Every structure is written in structure tokens, then in C-alpha cells.
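Read off the chains here:
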Amino acid sequence: MSVQLQKHYFNVDEYYRISQAGVFSEDDRVELIEGEVVEISPIGSTHQGCVDELSSLITQKLGGAVIVRVQGPIHIDDYSEPQPDISLLRPRADFYRRSHPTPSDILLVIEVADTSTEYDRNVKLPLYARAGIPEAWLVILPKDLIEVHSEPKNGKYQKVRRLKRGKTLTSPTIEGLTLKVDDILG
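The following refers to the structure shown.

What counts and what doesn't
- Going along each chain's sequence as written, the residues are numbered from 1 onward.
- Thresholds applied to this predicted model are a pLDDT of at least 70 for local features of residues and 80 or more for the giving and counting of side-chain atom pairs; totals over whole chains, interfaces and linings are not thresholded and use all residues.
- To obtain the side-chain values, all non-hydrogen atoms of the structure were included, while hydrogens and water were left out.
- Should DSSP find at least two bridges between two strands, the strands are regarded as paired.
- By definition, any uninterrupted DSSP run of H or I lasting at least four residues is a helix, any uninterrupted run of E lasting at least two residues is a strand, and each is numbered from the N terminus.
- Angles here are taken between N-to-C directions and fall from 0 to 180 degrees, while the axes themselves are lines fitted to C-alpha atoms, restricted in helices to the stretch in contact.
- By the convention used here, residues are in contact when the closest approach between their heavy atoms is within 4.5 Å.
- The salt bridge definition used is simple: a Lys or Arg side-chain nitrogen within 4 Å of an Asp or Glu carboxyl oxygen.
- Only protein chains enter the accessibility calculation, which uses a 1.4 Å probe; a residue is then buried when its area is under 20% of its type maximum, exposed when over 50%, and partly exposed in between.
- Residue count minus one, scaled by 1.5 Å, sets the expected span of a helix.
- Directions pointing from the helix axis toward each C-beta atom define the arc.
- For cavity detection a 1 Å grid was placed over the protein atoms alone, and a set of points counts as a cavity when a 1.4 Å probe fits there but cannot get out; an open set counts as a pocket when protein lies on both sides within 12 Å along at least five of seven lines, with lining residues being those that have an atom within 4 Å of a point.
- Grid points are joined across faces, edges and corners, and a volume is the space filled by probe spheres set on the points.

Comments concerning the sheet that holds strand β8 (residues 156-164)
Part 1: Spatial strand order, β3-β4-β5-β6-β7-β8: six strands in an open sheet with mixed pairing. Bordering the open sheet on either side are β3 (67-70) and β8, each of which pairs with just one other strand. Direction aside, neighbouring strands of the sheet carry axes that sit 15° apart on average.
Part 2: Of the strand pairs in this sheet, strand β4 (residues 86-89) and strand β5 (residues 106-113) are connected by four bridges, and their pairing is antiparallel. Directly across from I86, in β5, lies its bridge partner I110.
Part 3: Along the sheet face, helix α2 (residues 45-62) touches β3, β4, β5 and β6 (135-140) and points at about 155° away from the line of β5.

With respect to the pairing of strand β2 (residues 36-39)
Part 1: Sheet analysis places strand β1 (residues 30-33) next to β2, joined by four bridges and oriented antiparallel. Bridge pairing in β2 places L32 opposite V37.
Part 2: Linking two consecutive strands that pair antiparallel, namely β1 and β2, is a turn of two residues; a positive phi of about 50° is found at E34 within it.

A look at the pattern of salt bridges
Where charged atoms from two side chains of opposite charge come close, those side chains can pair.
Part 1: As enumerated under the stated definition, the model contains twelve salt bridges in all.
Part 2: Here R121 makes a salt bridge to E147, at a shortest N to O gap of 2.7 Å. Of this pair, R121 sits in helix α3 (residues 117-131) while E147 sits in strand β7 (residues 145-153); the two residues are 26 residues apart in sequence, bridging distant segments of the chain.
Part 3: With relative accessibility at 1%, the residue E147 sits in the buried group.

Notes on α2
Part 1: Its 18 residues give α2 an end-to-end C-alpha distance of 25 Å, which sits within 8% of 26 Å, the value for a rise of 1.5 Å per residue.
Part 2: What α2 keeps buried is the set H47, C50, V51, L54, S55, L57, I58 and L62. The arc enclosing the buried residues of α2, seen along the axis, measures out at 165°, which places them on a common side. Those residues of α2 that are exposed and aimed more than 90 degrees away from the buried face are S45 and Q60.
Part 3: Buried-residue contacts for α2 involve β3, β4, β5, β6, β10 (178-180) and α4 (181-185).
Part 4: In the stretch just after α2, G63 is the one whose phi turns positive, near 50°.

Describing unusual backbone geometry
Part 1: We note that D144 has phi near 50°; this positive angle belongs to a residue other than glycine.
Part 2: Topologically, D144 is positioned in the loop between β6 and β7.
Part 3: Here D144 falls in the partly exposed class, since its relative accessible area comes to 28%.
Part 4: If you check the backbone angles, E151 has positive phi at about 60° while not being a glycine.
Part 5: Of note, E151 is situated in strand β7.

Observations concerning the layout of surface pockets
It is a probe the size of a water molecule, rolled over the atoms, that shows where empty space is left.
Part 1: Computed from the structure, the largest pocket encloses a volume of approximately 300 Å³.
Part 2: Lining of the largest pocket is provided by 21 residues; of these, R29, I40, S41, H47 and S116 occupy positions nearest its centre.
Part 3: Secondary-structure elements contributing two or more residues to the lining of the largest pocket are β2, β5 and α3.
Part 4: Considering every element that reaches the lining of the largest pocket, the biggest residue donor is α3, with three residues.
Part 5: As a volume, the second largest pocket reaches approximately 160 Å³.

Just distances and angles here, no functional claims.
Rendered as C-alpha cells:
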């Protein structure tokens, strides 16, 4: 006789209660994805350098037109609170002190992948598309490639552009956001 194991899926409130109870240390890198607590890969220097440079480039380009959130949580729904490497948020006077941004607050999410490309592409990007986040970038460091995903519909981004070194990335949804791929990749 086989036994069917049941999983317990956590909602965001339970996730925070677990964290406050000390189950996760301050150094644990975890996020809640569709009710499951998922360990995030450690951040290497190449990955972090790309995130830092990209956030600086975006801030220089857009100034106060957006809030640039680095590796901070976004509240997708009751069962998902991922932490994209970068989120561009609609400006808000409280800088989201009272609550994490929700999909309607998010203009763009960026995932930088060193070892997590398949997870980011097959789990996180579809989550963002289902939430209706208008644009998502996947920066694939080992391939010197940036994928620009836009036009979410039925849980998938309808347009995907792949840009290599020597090209210029122009956001299809954020006016004035144009960056050289070489500057992003370093």
C-alpha cells in the first residue's frame, strides 16, 4: 500500500510568524513561492556586482520617477512573496513602509541569474506574468544575455527579446529606460 504524502502550503501571514518564531536566521536567504518556502542561492560577487551596477544605472536614468528596490520582498498574493534582485516601483510617499508593494505597484522586476536561470525562467517569471507585472528582465550572466519579457497575458509573457553584448536595451514599458547591455553585464 502506498501512502500519499500531503504538503502544507504556507500563506504570507504564516510565513512571517514562522520567521518571527526564529525558524529562519537573519542570514537565511528564503522566499515564499506559491505557498512553499524556497531557499535562494547564495549571492556571488559577480551577481551582486551586476545588481549594484544595474540599480545605479537605473537610478541615474530615472531618478525619482521610480523607487528602485534591491532584493526586497514584493507581495504577489496570499501565497507568494518573492524577492527579485531589483524591482522598479511606482513612487509612494511612504516608500512602502506600511506594506510591501503589490503587482499594481510594480513596473518592472529584474532577476540576475548566475546559477538559477531555469528556476527564474520557469518558476519566477511565470509567477510575475500571472500577477500582471508588465515587464521582467532575466539577466543570464554565464551567457552574457538579457531576456526582456513583456505583455503578460494568461500567465505568460507574450513577447521575449534576447539581447547580447553590443546591443541596447530599451524598456517596452518604462519611458526613458534605455541601457547598453555591455554596461549591465560589466
